[in-house]
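# Coordinate analysis (summary)
Take a look at the letters that make up each chain.
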Amino acid sequence: MELLTLYVISRSLVDAREKETMLMIYFLHCGLNVRTACSVTIHNRCRDTLPNCAKMKQRQQKLSLGRNSSALQNVTMRTKTPGLKERPSSAIYPADSLRQSLLGSRRGRPALCLSKSVSTNNITGNLNEDSSLGLRKIISQSTESLNFRSRAMSMESLNDEGEMYYTSMLEELQLEGRDFEADSWSRAVDSSYLQTQRKDVIKRQDVIYELIQTELHHVRTLRIMEGVFRRGMLEEMQLEPGVVHAIFPCLDRLLGLHTRFLGRLLQRRSQSLAPGSTSNFIIQQLGDLLVEQFSGPFADEMRKAYAEFCSRHLKAAKLYKELLARDKKFQHFIRRVSRGQLLRRHGVQECILLVTQRITKYPVLVQRILDNSSGEQEASALNQALTLIRELLTSVDQQVLELEHSQRLQEIQARMDPRGEAQVRGGGLFRVAELMRRQLIHEGTLLWKTGGSRLKDVQVLLMTDILVFLQEKDQKFIFPSLDKPPILALRNLIVRDIANQERGMFLISDAAPPEMYELHASSRDDRNTWMRLIQQAVNARVAAVPCAGPNSIPY
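Presented here is a report on the structure given in the accompanying data block.

Analysis parameters
- Just so you know, the residues in each chain are numbered from 1, in the order the chain's sequence is written.
- Local features in this predicted model are restricted to residues of pLDDT 70 or higher, and side-chain atom pairs are both shown and tallied only at a pLDDT of 80 or more, whereas totals for entire chains, interfaces and linings draw on every residue.
- Remark: hydrogens and water are excluded; side-chain values derive from all non-hydrogen atoms of the structure.
- Numbering of helices and strands runs from the N terminus, with a helix taken as a DSSP run of H or I at least four residues long and a strand as a DSSP run of E at least two residues long.
- One less than the residue count of a helix, multiplied by 1.5 Å, gives the span that helix is expected to have.
- Consider a residue and the seven residues that end there alongside the seven that start there; fitting an axis to each set, the bend is the angle between those axes.
- The buried label applies to any residue whose accessible area, calculated with a 1.4 Å probe on protein chains only, is under 20% of its type's maximum; exposed applies above 50%, and partly exposed to all values in between.
- Axes here mean lines fitted to C-alpha atoms, for a helix over just the part in contact, with angles spanning 0 to 180 degrees between N-to-C directions.
- Oblique is the label for every angle not falling under 35 degrees (roughly parallel), over 145 degrees (roughly antiparallel), or within 65 to 115 degrees (roughly perpendicular).
- Crossings are sorted by hand: turned counterclockwise from the far helix by less than a right angle, the near helix makes the crossing left-handed, and turned clockwise it makes it right-handed.
- Three categories are distinguished: nonpolar for Ala, Val, Leu, Ile, Met, Phe, Trp, Tyr, Cys and Pro, charged for Asp, Glu, Lys and Arg, and polar for the others, with Gly belonging to the last.
- The working definition used for a salt bridge is a side-chain nitrogen of Lys or Arg within 4 Å of a carboxyl oxygen of Asp or Glu.
- By definition in these notes, contact holds between two residues if any of their heavy atoms fall within 4.5 Å.
- Think of a nonpolar core as a cluster: buried Ala, Val, Leu, Ile, Met, Phe, Trp, Tyr and Cys residues, connected wherever their side-chain atoms sit within 4.5 Å.
- Strands are treated as partners if at least two bridges between them are detected by DSSP.

Now for helix α15 (residues 348-371). Given a rise of 1.5 Å per residue, 24 residues ought to cover 34 Å, and the 36 Å separating the end C-alpha atoms of α15 matches this to within 8%. When the local axis directions of α15 are compared, the greatest deviation, roughly 35°, occurs at arginine 358. Most of α15 is tucked away, with 21 of its 24 residues classed as buried.

Here is the structure:
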């Protein structure tokens with residue numbers, strides 16, 4: 001019995017092994033199992049005999065239709081309406097990825113056609129001897145960051161909800177520019193009327209036309225800044241008024257000044273129209289309007305407004321880029337409002353830059369008008385206007401530098417301990433709060449050679465009556481504790497270069513005994529700049545000693 005039981009068990013094991021072997025041979029012959037999209041399990045070799053899945057066909061058709069519709073959405077056509085000539089585009093965004101998200105693909109965009117009076121040279125400006133140093137610096141810093149490539153923000157029509165508050169204004173701007181759509185006066189007047197004029201008259205009228213046309217463009221830029229961007233940021237985006245004012249400083253004052261000036265120019269054009277014509281005109285006298293605009297209270301107002309705007313424009317552009325980079329709702333707002341024909345080439349950064357450049361264009365245009373003027377009275381008025389404009393530029397440049405220095409001094413004081421103080425000659429103390437009571441002339445990094453021939457990095461502030469030496473520690477400024485006081489009076493200070501050391505200089509005080517400071521600049525030119533500015537401040541200090549005020553250090 002036991003033997004029979006063992007036989008049955010062994011036979012069962014043999015049958016199981018044989019069955020497993022047969023299954024392995026069968027699967028090797030037929031292939032692996034395949035699970036289809038319809039949850040049907042078949043062998044690999046039998047897959048071709050299975051009928052096509054209806055669900056898969058429907059899914060593929062839907063995917064194909066979706067791709068076609070998305071492609072068609074990017075090719076929405078729009079007819080171009082005639083309007084005022086547009087300025088070329090130069091606005092950028094903080095990163096290529098963000099620019100791509102705002103502008104879309106550049107493939108297939110048409111190239112821009114730039115008119116004569118609004119060419120790229122007019123955007124960047126002619127920076128010649130008439131342009132002030134500070135304004136040239138501002139413009140060069142800004143244009144280096146701009147990408148002068150053709151772009152169009154969107155090919156969609158101006159139909160989004162919430163855009164009605166500025167649509168009427170844009171239509172009004174287009175209507176106002178109808179008389180100045182032509183590239184020049186020669187193309188704006190009738191050909192028969194043009195043939196009756198002398199060449200010198202044609203050249204003069206072309207420049208006068210360009211002056212009026214660019215002034216019209218400038219007012220249009222200011223109105224876009226005020227009526228589209230600023231109003232949208234305040235009413236739609238609900239941004240803080242202080243933030244919006246920081247992006248568009250003194251905008252109302254500039255708009256009022258240039259709107260008035262443009263009105264006077266257009267009025268003079270209307271008065272100069274030929275009898276029975278609406279397009280033929282010759283402006284015989286323009287110098288009186290220019291003298292009126294750039295002298296007296298109008299010049300004072302322009303000086304203040306442009307000094308404030310130009311000194312703050314770099315910070316305004318930086319603040320705008322920061323908002324654009326971090327706020328998706330703000331990105332959507334900028335993208336949406338930039339779809340119009342006039343707006344798509346007027347980004348916020350471009351508008352800001354155009355405003356800073358406008359004041360530098362007047363000397364060039366007025367000089368060209370003067371070169372083509374023959375009347376003695378008109379030439380005299382144009383010469384006077386040119387002198388006033390150049391004085392205005394110089395004054396604006398000086399105020400811009402003073403405002404920038406004041407802002408820099410505030411930044412330095414904010415990085416100092418308000419309780420900090422330094423010893424001065426005679427046992428007195430100089431406190432941090434006294435910095436803001438003075439005017440900063442120049443500042444930079446120098447090497448101070450102390451006892452033991454060691455060179456220390458110091459931040460030097462040249463003020464109206466003193467030199468201040470600071471050291472940076474843990475991102476803070478402190479008064480250094482070295483072998484000489486960190487406050488040096490300019491009164492009777494002697495400035496000398498160091499023989500055989502093109503980057504070194506000596507500063508010798510009038511103390512008893514005299515104290516000598518040995519300083520080294522990063523280059524010979526930097527050393528020469530420091531020596532020149534210090535000597536000028538010393539001379540000015542000597543002249544102002546009889547009038548020294550209570551803020552003067554009693555050395």
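In a regular helix each residue adds 1.5 Å, so 31 residues correspond to 45 Å; helix α13 (residues 296-326) covers 45 Å between its end C-alpha atoms and thus fits that length. The principal kink in α13, of about 50°, is found at histidine 313.

Glancing now at the packing of helix α9 (residues 199-236) against α15. Where α9 contacts α15, the axes come no closer than 10 Å and their chain directions differ by 160°. Between α9 and α15, the angle is such that the two are roughly antiparallel. As α9 packs across α15, the resulting crossing turns out to be left-handed. Of the residues that constitute the contact of α9 with α15, the class distribution is 15 nonpolar, three polar and five charged.

Moving on, we come to the pattern of salt bridges. Opposite charge on two side chains allows them to pair when their charged atoms are near. Across all of its chains, the model carries 26 salt bridges by this definition. Here glutamate 292 ties to arginine 264 by a salt bridge, and the two come within 3.1 Å at their closest N and O atoms. Of the two residues, glutamate 292 sits in helix α12 (residues 287-293) while arginine 264 sits in helix α11 (residues 251-271), which places them 28 residues apart along the sequence. The residue arginine 312 makes a salt bridge to glutamate 308 at a minimum N-O spacing of 3.3 Å. Taken as a pair, arginine 312 and glutamate 308 lie in helix α13 at a separation of four residues, close to a single helical turn. Classification of arginine 312 as partly exposed rests on a relative accessible area of 34%. Residue classification places glutamate 308 among the buried residues on the basis of a relative accessible area of 17%. Look at the salt bridges and you will find they share partners, linking Arg253, Glu301, Glu308 and Arg312 into a network.

Notably, cysteine 250 is not glycine yet its phi reads approximately 45°, a positive angle. Examined against the element boundaries, cysteine 250 turns out to sit in the loop between α10 (241-247) and α11. Its identity is not glycine, yet glutamine 475 carries a phi of approximately 60°, on the positive side. Counting through the fold element by element, glutamine 475 comes out in the loop between β7 (466-473) and β8 (476-478).

Along the chain, arginine 268 turns up in helix α11. Excluding residues within four positions of it along the chain, arginine 268 makes contact with Ile283, Gln285, Leu286, Asp288 and Leu289.

What follows concerns the nonpolar core. With 80 residues, the main nonpolar core has Met233 and Phe330 as its most contacted residues. It is α9 that contributes the most residues to this core, 15 residues altogether. Excluding residues within four positions of it along the chain, methionine 233 makes contact with Gln238, Leu239, Val244, Ile247, Phe248, Phe330, Phe333 and Val348. Counting 22 residues, the second-largest nonpolar core is a separate cluster that includes Trp448, Leu488, Leu507 and Ala537.

A word on the pairing of strand β6 (residues 454-463). Pairing of strand β5 (residues 440-450) with β6 involves ten bridges; the strand directions are antiparallel. In the sheet register, lysine 449 faces β6, and the bridge partner there is leucine 455. In textbook terms, the turn of a hairpin is the stretch between consecutive antiparallel strands, and for β5 and β6 this stretch comprises three residues, one of which, glycine 452, has a positive phi near 85°. Here four bridges tie β6 to β7, and the two strands are oriented antiparallel to one another. Within the sheet, the bridge partner assigned to leucine 461 lies in β7 and is valine 468. Counted along the chain from β6 to the antiparallel partner β7, the turn is two residues long.

Before going further, it helps to spend a moment on the packing of α11 against α13. For the pair α11 and α13, the least separation of the axes is 10 Å and the interaxial angle reads 140°. As judged from the angle between their axes, α11 and α13 are oblique. The hand of the α11/α13 crossing is left-handed. Along the contact surface, α11 presents Arg253, Leu254, Leu257, His258 and Arg260, while α13 presents Phe298, Glu301, Met302, Lys304, Ala305, Tyr306, Glu308 and Phe309. For the contact of α11 with α13, the class distribution of residues is seven nonpolar, one polar and five charged.

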